[in-house]
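Topology and contacts: notes
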Amino acid sequence: MNNRIKILREQSLSQTPYVSAERAQMVTRFYQSTDGQNLSKPMQRALCFNYLLENKTICILENELIVGERGPAPKAVPTYPEVTLHSIEDLKILNSRKKVFYKVSDEVIKIYETEIIPYWKGKSHRERMFEKMSDEWKNAYAAGIFTEFQEQRAPGHTVLGNKIYQLGMLDIIKQIEQTLQNIPADKKENSLKIEQLNAMRICANAIIKFAHRHAETLELQAIQCTNPNRKAELKKMADICRHVPAHAPRNFHEALQYYWFIHLGVITELNPWDSFNPGRLDQHLLPFYQKEIEAGTLSQEQAEELLQAFWIKFNNHPAPPKIGVTALESNTYTDFALI
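Notes on the structure follow.

Here we take up the layout of surface pockets. Approximately 740 Å³ is the volume found for the largest pocket. Along its surface, the largest pocket is lined by 28 residues, and Met169, Met200, Cys203, Ile262 and Val266 are the ones closest to its centre. Only α3 (41-55), α8 (169-181), α9 (191-224) and α11 (252-269) provide two or more residues apiece to the lining of the largest pocket. Here the lining of the largest pocket takes six residues from α9, the largest share from any one element. In terms of residue class, the lining of the largest pocket is built from 20 nonpolar, five polar and three charged.

Attention shifts here to the packing of α11 against helix α12 (residues 281-295). For the pair α11 and α12, interaxial distance at closest approach is 8 Å and the crossing angle is 155°. Comparing the axis directions of α11 and α12 gives the class roughly antiparallel. Of the residues in α12, those touching α11 at Phe252, His253, Ala255 and Leu256 are Leu285, Phe288, Tyr289 and Glu292. Looking at the contact of α11 with α12 residue by residue, the classes come out as six nonpolar, one polar and one charged.

As a further point, take the pattern of salt bridges. Per the stated rule, a full pass over the model turns up 14 salt bridges. When the shortest N-O distance is used, the salt bridge between Glu305 and Arg4 registers 2.9 Å. Here the residue Glu305 occupies a position in helix α13 (residues 300-315), and Arg4 occupies one in helix α1 (residues 3-14), the gap between them amounting to 301 residues. Neither Glu305 nor Arg4 differs from the other in exposure class; each is buried. Each of the salt bridges in this network shares a partner with another, and the network as a whole consists of Arg4, Arg230, Glu233 and Glu305.

What follows deals with empty space enclosed by the protein. This structure, assessed with the given rule, holds four cavities of 30 Å³ or more. Lining the largest cavity are Leu8, Gln11, Ser12, Leu61, Glu64, Leu65, Ile66, Pro74, Ala309, Ile312, Lys313 and Asn316. Counting only elements with at least two residues in the lining of the largest cavity, the list comes to α1 and α13. Residues that form the lining of the largest cavity fall into these classes: seven nonpolar, three polar and two charged.

Going through the model one piece at a time under the given rule, you end up with 17 aromatic pairs. Ring geometry for Tyr31 against Trp120: centres 5.0 Å apart, planes inclined by 65°, an arrangement best described as edge-to-face. Here Tyr31, found in helix α2 (residues 22-34), pairs with Trp120, found in helix α5 (residues 106-120); they are 89 residues apart in sequence, far enough to count as distant. When sorted by exposure, Tyr31 lands in the same class as Trp120, which is buried. Here the aromatic rings of Trp260 and Phe314 are separated by 5.0 Å at their centres, their planes lie at 75°, and the arrangement is edge-to-face. A residue pair is termed long-range when its members are at least 10 positions apart, and Trp260 in helix α11 and Phe314 in helix α13 qualify at 54 residues. There is no split in this pair, since Trp260 and Phe314 are both buried. Among the aromatic side chains, those forming a connected cluster through ring pairs are Tyr259, Trp260, Phe276, Phe310, Trp311 and Phe314. Between the NZ or CZ atom of Lys123 and the centre of the ring of Tyr119, over which it lies, the distance is 3.6 Å.

Another aspect to go through is the packing of α3 against α11. With their axes 10 Å apart at the nearest point, α3 and α11 run at an angle of 120° to one another. Of the two possible hands of crossing, α3 and α11 adopt the one that is right-handed. Residues Arg45, Phe49, Leu52 and Leu53 of α3 pack against Gly265, Thr268 and Glu269 of α11. Residue composition of the contact of α3 with α11, by class: three nonpolar, two polar and two charged.

A few words now on the side chain of Glu292. Along the chain, Glu292 falls in helix α12. The residues contacting Glu292, other than those within four sequence positions of it, are Asn251, Phe252, His253, Thr297 and Leu298.

Once that is clear, we can look at the state of the cysteines. For the structure shown, the criterion picks out zero disulfides. For Cys48, which is in no disulfide, the shortest distance to another cysteine sulfur is to Cys203 and amounts to 9.8 Å. In this structure Cys48 comes out as buried when scored by relative accessible area, which is 1%. Not part of a disulfide, Cys241 finds its nearest cysteine sulfur in Cys59, a span of 13 Å.

About the criteria used
- Residues numbered from 1 in each chain as written.
- Predicted model: local features only at pLDDT ≥ 70, side-chain atom pairs only at ≥ 80, totals over all residues.
- Heavy atoms only, no water.
- 1 Å grid on protein atoms, 1.4 Å probe; cavity = no way out; pocket = protein on both sides within 12 Å on 5 of 7 lines; lining within 4 Å.
- Points joined across faces, edges and corners; volume = space filled by probe spheres on them.
- Helix = DSSP H or I, 4+ residues; strand = E, 2+ residues; numbered from the N terminus.
- Nonpolar A, V, L, I, M, F, W, Y, C, P; charged D, E, K, R; others polar.
- Axes fitted to C-alpha atoms, helices over the stretch in contact; angles between N-to-C directions.
- Parallel < 35°, antiparallel > 145°, perpendicular 65-115°, else oblique.
- Contact = heavy atoms within 4.5 Å.
- Salt bridge = Lys/Arg side-chain N within 4 Å of Asp/Glu carboxyl O.
- Buried < 20%, exposed > 50% of the residue type's maximum accessible area, 1.4 Å probe, protein only.
- Phe/Tyr/Trp six-rings, centres within 6.5 Å; stacked < 30°, edge-to-face > 60°.
- Lys NZ or Arg CZ within 6 Å of the ring centre and 35° of its normal.
- Left-handed = near helix turned anticlockwise from the far one by under 90°.
- Disulfide = S-S within 2.5 Å.

From the geometry alone we can't say anything about function, so treat these as descriptive.
Here it is as structure tokens:
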């Protein structure tokens, strides 16, 4: 690996994972602001997603080629109180574990005490599901017959297909709008379908705006940069973030950055357990690689550097911390994103 990748790799490996309250705080404030508005679930989640991507911290490190973080910085781990609610005791356990601990600051504990727990107590998805379970089931759970009942995040084991390598979000928005035009709005049975499609359009626009926020930051960094080589890189990366995910990727670098924005969108919205996966990345990337190799616009060394930068982004994201007995027993940071 070259010096750039060595630096980025060491930064990722040396950073201690810590719990960030940024997402939990934003989700809480969004739900508080929309209480009583009688929003449908798809529309509520879409508007919340849009709020998150409009307001979450943009982090772009020196030397990076692929941009975007789930939290405000590498190894900053968000929580998902609408799914599962950490107690103060959970946070203290995470902070004190001898192995694979998550540092939890006094500020995060205070935010949980004053904002997160008071609002979400009894409202999390996990708690509402527990209420509907039989006493026999609850007794079996209490006896330790099984665990892992949404104690970390939402259900998952999902794999991305190849659609994003062929279509931009603007193409998908156009498909949504064409579908909406063909659904009679005056029929009651179509109302949920229309809500779902409108919510999808909001999410597609949100991820475009999120990429543009990165482009704006990169453009500002380029203005301030005195190194001509890095300045050129920053301008190129800004152009990439202007193009994807709004449009289909045109080259190897754009394909990787497009995927990464979608990955961040998925794991910011709910972060599926056990993972959201790139899937058959070799098959998806091969046409871009072959085309650029033949055209002379990409070398094997450049492709390797981009992939190595891409792997580091995954390592920047430890799995979200668990609660209860699994918070005490869990001994892995692995987020299980498989390729």
